[in-house]
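Reading the structure
Each chain, letter by letter, is given below.
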Amino acid sequence: MVFEALWRLTVRLGVIGYGLQLLEMIREQRRYRKLAFGEDSLVLGVELGGTTCVAALARLSDPTKILERYEVPTVDPDTTLGQIVEWAWEKRGKIKAIGIAAFGPVQLEKSKPDYGCIMKSTPKVAFRGADVVGKFKDFDVPMHFETDVNAPAYGELTHGGHE
């Protein structure tokens, strides 16, 4: 319901591409309806930057209040994302959704075989072709992948901070 309302709003604002991504999220959500969401359910946010990678945990009921934060240097996909996954794995039973933002260019189209990957044209040589989303698939929760430019803009739009 929330995603459908956001989708309608983004279409009205002319942001068709992002509206279509939200529509895809609605379809993806249906797969996970059996998940039990409790008061202690968490969302994991990951921001893969050129220098550091930051992960944060928040409650689904209050996603703007960070409960835990973890930061590692951006070295290569296995080291950097491996450390983030290892840190978050201890909380996997409580994590009910994951949002990942990465430097790019990235493949955002879920219908493409390289969805969730950093494109081979990135200036970060070690990350060319890296499957970012694939590193988190074992959590088996809804995930959304976005650019490190669009994700914060969307967060500001939906949760404030843009004024």
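The present account deals with the structure reproduced in this document. This one's a predicted model, so the numbers in the text were calculated from it and none came from an experiment.

Details of the overall build of the chain
- Counting its regular elements, the chain contains 4 helices and 5 strands.
- When the helices and strands of the chain are read in sequence order from the N terminus, they spell out α-α-β-β-β-α-β-β-α.
- Buried residues in the chain amount to 37% of all 163 residues.
- For the chain, restricting intrachain contacts to residue pairs at least 6 apart in sequence, the fraction spanning at least 24 positions comes to 52%.
- In the structure as shown, the chain presents an accessible area of about 9,500 Å², 54% of it carried by carbon and sulfur atoms.

Digging into the pattern of salt bridges
- Applying the stated criterion across every chain yields a total of 4 salt bridges.
- Of the charged contacts in the structure, one is a salt bridge between Glu-90 and Lys-91, with a shortest N-O distance of 3.9 Å.

Digging into the environment of Leu-48
- In this structure, Leu-48 sits in strand E1 (residues 42–48).
- Relative accessible area serves as the criterion here: at 0%, Leu-48 is assigned to the buried category.
- For the pair formed by Leu-48 and Phe-103, sequence separation is 55 residues and the distance between their alpha carbons is 6.3 Å.
- Those residues in contact with Leu-48 that lie beyond four places of it in its chain are Cys-53, Thr-74, Thr-80, Leu-81, Ala-101, Ala-102, Phe-103, Ile-118, Phe-127, Val-132 and Asp-148.

Overview of the packing of aromatic side chains
- In the structure shown here, the tally under the stated rule is 5 aromatic pairs.
- Arranged with centres 5.3 Å apart and planes meeting at 80°, the rings of Phe-103 and Phe-127 form a pair that is edge-to-face. Highlighted residues: Phe-103 in the loop between strand E4 (95–102) and strand E5 (143–147) and Phe-127 in the loop between E4 and E5, separated in sequence by 24 residues.
- Overall, the relative accessible area of 7% leaves Phe-103 in the buried class.

Details of the nonpolar core
- Core analysis: the biggest nonpolar cluster contains 31 residues, and Leu-44, Leu-48, Ile-98, Ile-100, Phe-136 and Phe-145 have the highest contact counts within it.
- The element that contributes the greatest number of residues to this core is helix H3 (residues 77–89), accounting for 5 residues.
- With residues near it in sequence (within four places) discarded, Ile-100 still touches Val-46, Val-132, Val-133, Phe-136, Met-143, His-144, Phe-145 and Glu-146.

Rules and cut-offs
- Residues numbered from 1 in each chain as written.
- Predicted model: local features only at pLDDT ≥ 70, side-chain atom pairs only at ≥ 80, totals over all residues.
- Heavy atoms only, no water.
- Helix = DSSP H or I, 4+ residues; strand = E, 2+ residues; numbered from the N terminus.
- Buried < 20%, exposed > 50% of the residue type's maximum accessible area, 1.4 Å probe, protein only.
- Contact = heavy atoms within 4.5 Å.
- Areas by Shrake-Rupley, 256 points an atom, 1.4 Å probe, with all protein chains shown as cover.
- Salt bridge = Lys/Arg side-chain N within 4 Å of Asp/Glu carboxyl O.
- Phe/Tyr/Trp six-rings, centres within 6.5 Å; stacked < 30°, edge-to-face > 60°.
- Core = buried A, V, L, I, M, F, W, Y, C linked by side-chain atoms within 4.5 Å.

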